[in-house]
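Residue-level structural notes
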Amino acid sequence: MWAGGHGLAGVAALDNDAPALRATQVLLLLAVTVAVGGRGAYGGPSQIAVGALLAAAFCSAVVTTRASTLDGAAVGSRWIVRFVRPEVGAVALMVAALGLWAIVRAWFAGAAFEGVGVAAVLAGTLASLTVAHRATPPARAAVLTGLVAIGVLLSLAGWIGVVWRVEPLALASSGVWRAAGTLTYENAMAGLLVPLAVVSLAHVVDPEGVRRRQQMALAAITCVLLTGAGATLSRGGVLALVVGIAVLSVLVGPRRLIRGAWGPVMGSVVAVAGLAPSLVAAGSPMPVVSTAALAGGVALAAWSVWRPSRGRWTRLGVVLLGVGLSGALIAVALIAAPGLRDALRPRTSVASPHRVSQHAAALA
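To start, this report covers the structure provided alongside it. Throughout, residues of each chain are indexed from 1 in the direction in which the sequence is written. Totals for whole chains, interfaces and linings use all residues, but because this is a predicted model, local features are given only for residues with pLDDT of at least 70 and pairs of side-chain atoms are given and counted only at 80 or more. Heavy atoms from the whole structure form the basis of all side-chain values; hydrogens and water molecules are not counted.

1. Things to note about the overall build of the protein
We count it as follows: Secondary structure follows DSSP: runs of H or I at least 4 residues long count as helices, runs of E at least 2 residues long count as strands, and numbering of each begins at the N terminus. Remark: exposure states derive from per-residue accessible area (1.4 Å probe, protein chains only) relative to the maximum for the residue type, with buried under 20%, exposed over 50%, and partly exposed in between. Only heavy atoms enter the contact rule, under which two residues are in contact if any of them lie within 4.5 Å.
Looking only at helices and strands, the protein features 14 helices and two strands. Across the 364 residues of the protein, 41% fall into the buried class. Look at the contacts in the protein between residues 6 or more apart in sequence, and 71% of them connect residues 24 or more apart.

Here it is in structure tokens:
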């Protein structure tokens, strides 16, 4: 999508699209922005705003598709066939079945309104998929660019929350500060950042048609996204990242993945290690150390793309440098915050008693 002029440099190609089509993508991005800035559309006003924006985007996509189909001499309602493609149609059937189940289940439980809320979320998801599916390649690139920009801002917000103890951008949980961003929920933040980081990493690994400076920017952006995801200390986020990288490895090949991903990944390791002194709730944050680590990690990610031709020995040297910096930062954290190890122990365990009991209740 980024290659062939449809990446960061190809967003200008949107000028060739119809104004209605551009409006569709803008409405979709506005809906995501409102949702991310409004605690994940948790409150009533933000839910209404997001729903209205998604409905407007969907209607704009319908009108644009119908107009282009009629211009192509199609008759009757054949535009519906063109609009609802098999992939989207299959997803629509599954979403409709799940939404109907939610309404019926809530009705019998005496809380019909909750079922309507679930169905509305599913309808919004389907509208988003439909709008993105109907977009032209340049419009898809623009949407992706907007989503990545939102992810970067969310990452920085969560990072600031941890470093300067700003609530609710970060929240203290079980003795450690975890990034929550404007979503105000750590796992939800990881759930948004990890997919964006994997997509961004894919374009760093496969830079065909992308200029060197743009690839450097993508590497730095990927580092920031991974750092934000790491700051959440979400175990589910780590699992999702492992699965995403495994899929990416199958698609592009392990060797190519390692050759392109080592810089952003190592940079994020350095940046997350720099957060360690600020994580312990009982200790004092160290903004200078965390800021220096983030700057160093981003620079390392960009540098890995800037001079990739210096050979594997240079890459190995930079990796060793990154490992050394990370070790030094963690050592500083252990000295400055002796309780770091004990505070992080729950985040390194797969045990989660309250979730086990919830799963048992759901199965029952």
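2. Remarks on the packing of aromatic side chains
Counted only if it meets this: Pairing of aromatic rings covers Phe, Tyr and Trp, the last counted by its six-membered ring, and requires centre-to-centre distances within 6.5 Å; plane angles under 30 degrees mean stacked, over 60 mean edge-to-face, and any other angle means tilted.
Per the counting criterion, the structure on display carries one aromatic pair. Summarising the aromatic geometry, the rings of Trp-159 and Trp-164 are spaced 5.9 Å apart at their centres and angled 75° between planes, so their arrangement reads as edge-to-face. Judged by relative accessible area, which is 45%, Trp-164 ranks as partly exposed.

3. Thoughts on the pattern of salt bridges
For clarity, the cut-off: Note on definitions: salt bridges are taken to be side-chain nitrogens of Lys or Arg within 4 Å of carboxyl oxygens of Asp or Glu.
For the coordinates displayed, the defined rule picks out one salt bridge. Asp-206 is the partner of Arg-256 in a salt bridge, and the nearest nitrogen-oxygen pair spans 2.9 Å. In this pair, Arg-256 sits in helix H10 (residues 254-279) while Asp-206 sits in the loop between helix H7 (186-205) and helix H8 (212-231), placing the two residues 50 residues apart along the sequence.

4. Digging into the layout of surface pockets
The condition is simple: A 1.4 Å probe that fits but cannot get out identifies a cavity on a 1 Å grid over protein atoms alone, an open set with protein on both sides within 12 Å along at least five of seven lines counts as a pocket, and a residue lines either if it has an atom within 4 Å of a point. Grid points are joined across faces, edges and corners, and a volume is the space filled by probe spheres set on the points. Charged residues are taken to be Asp, Glu, Lys and Arg, nonpolar residues to be Ala, Val, Leu, Ile, Met, Phe, Trp, Tyr, Cys and Pro, and polar residues to be all remaining types, Gly included.
The computed volume of the largest pocket comes to approximately 1400 Å³. Surrounding the largest pocket, 41 residues form its lining, Ala-35, Val-50, Leu-54, Thr-125 and Ser-128 being those nearest its centre. Mapped by element, the contributors of at least two residues to the lining of the largest pocket are helix H1 (19-37), helix H2 (44-71), helix H5 (112-134), helix H6 (137-164) and H7. Tallying contributions element by element places H5 first for the lining of the largest pocket, with 13 residues. Here the lining of the largest pocket is built from residues that sort into 30 nonpolar, nine polar and two charged.

5. Structural notes on the nonpolar core
Threshold: Joining through side-chain atoms within 4.5 Å is the link that ties buried Ala, Val, Leu, Ile, Met, Phe, Trp, Tyr and Cys residues into a set, and such a set is a nonpolar core.
Leu-154, Val-162, Met-189, Leu-193, Leu-225 and Leu-275 are the most contacted members of the largest nonpolar core, which totals 30 residues. Within the residue set of this core, elements represented by two or more residues are H6, strand E2 (176-179), H7, H8 and H10. With near-sequence residues (within four places) excluded, Leu-193 lies in contact with Gly-151, Leu-154, Ser-155, Leu-225, Gly-228 and Ala-229. Judged by nonpolar contacts, the second largest core, of 13 residues, contains Ala-35, Ala-57, Val-131 and Val-143.

6. Observations regarding the packing of H6 against H10
Our working rule: Simply put, an axis is a line fit to the C-alpha atoms, just over the touching stretch for a helix, and the angle between two N-to-C directions goes from 0 to 180 degrees. Here the word oblique covers every angle except those under 35 degrees (roughly parallel), over 145 (roughly antiparallel) and from 65 to 115 (roughly perpendicular).
Between H6 and H10, the least distance of the axes is 8 Å, while the angle of their chain directions is 40°. Between H6 and H10, the interaxial angle falls into the category oblique. Counting all contacts with H6, which are made through Trp-159, Val-162 and Val-163, the residues of H10 involved are Leu-275, Ser-278 and Leu-279. A per-class count over the contact of H6 with H10 returns five nonpolar, one polar and no charged.

7. Details of H6
Filter applied, for reference: Helix span, as expected, comes to 1.5 Å for every residue beyond the first.
When the terminal C-alpha atoms of H6 are compared, their 40 Å separation across 28 residues agrees well with the 40 Å that a helix rising 1.5 Å per residue should span. Summarising burial for H6: 20 of the 28 residues are buried, a large majority. Looking at the residues trailing H6, positive phi occurs at Arg-165, about 55°.

8. Side note on the packing of H7 against helix H9 (residues 235-252)
Heads up, the rule is: Note on convention: the crossing is left-handed when the near helix lies turned anticlockwise from the far helix by less than a right angle, right-handed when the turn is clockwise.
At a minimum axis separation of 10 Å, H7 and H9 run at an interaxial angle of 25°. Here H7 is positioned roughly parallel relative to H9, judged by the angle of their axes. Like other packed secondary-structure pairs, H7 and H9 cross with a definite hand, here right-handed. Between H7 and H9, the residues in contact are Ala-190, Val-194, Val-198, Leu-201, Ala-202 and Val-205 and Gly-237, Ala-240, Leu-241, Gly-244, Ile-245, Leu-248 and Val-252, respectively. Per-class residue counts for the contact of H7 with H9 are 11 nonpolar, two polar and no charged.

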